[in-house]
Amino acid sequence: MKRQNIVKDKSLDFAIQIVNLVKSIRKKEQEFDLTRQLVRSGTAIGALIYESEFAESKRDFSHKL
């Protein structure tokens, strides 16, 4: 039985919320510079968590996370 990864699930939920927020902002205003950075930052969390799962050591895990 595979354990549930709460951090991974929360980071995915957060990324979805960020993308929806950006869509809402872009509908109301023509703001692209800040929203582009917001999407990159908000979705990077999940990518870093995914990358840390395949760390070669505990030290590498800490570095990636």
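Nothing here was measured: the structure is a model prediction, and the numbers come from that model.

Draft legend 1. Local environment of helix H1 (residues 6-28). With 23 residues, H1 ought to run about 33 Å at 1.5 Å a step, and its terminal C-alpha atoms sit 33 Å apart, in line with that. Turning to H1, its buried residues are Ser11, Ala15, Ile18 and Val22. Check the buried side of H1 and you find it contacts helix H2 (33-52). With a side-chain oxygen lying 3.2 Å from the backbone nitrogen of Val7, the N-terminal cap of H1 falls on Asn5.

Draft legend 2. View of the packing of H1 against H2. Between H1 and H2, the shortest axis-to-axis distance is 9 Å and the interhelical angle comes to 170°. By the criterion of interaxial angle, the relationship of H1 to H2 is roughly antiparallel. The hand of the H1/H2 crossing is left-handed. For the pair formed by H1 and H2, the contact residues are Val7, Lys8, Ser11, Phe14, Ala15, Ile18, Val19, Leu21, Val22, Ile25 and Arg26 on the first element and Thr35, Arg36, Leu38, Val39, Gly42, Thr43, Ile45, Gly46, Ile49 and Tyr50 on the second. Broken down by class, the residue content of the contact of H1 with H2 amounts to 13 nonpolar, five polar and three charged.

Calculation notes
- Residues numbered from 1 in each chain as written.
- Predicted model: local features only at pLDDT ≥ 70, side-chain atom pairs only at ≥ 80, totals over all residues.
- Heavy atoms only, no water.
- Helix = DSSP H or I, 4+ residues; strand = E, 2+ residues; numbered from the N terminus.
- Expected span 1.5 Å × (residues − 1).
- Buried < 20%, exposed > 50% of the residue type's maximum accessible area, 1.4 Å probe, protein only.
- Contact = heavy atoms within 4.5 Å.
- Polar contact = N/O pair within 3.5 Å; in protein donor to acceptor, adjacent residues only side chain to side chain.
- Axes fitted to C-alpha atoms, helices over the stretch in contact; angles between N-to-C directions.
- Parallel < 35°, antiparallel > 145°, perpendicular 65-115°, else oblique.
- Left-handed = near helix turned anticlockwise from the far one by under 90°.
- Nonpolar A, V, L, I, M, F, W, Y, C, P; charged D, E, K, R; others polar.

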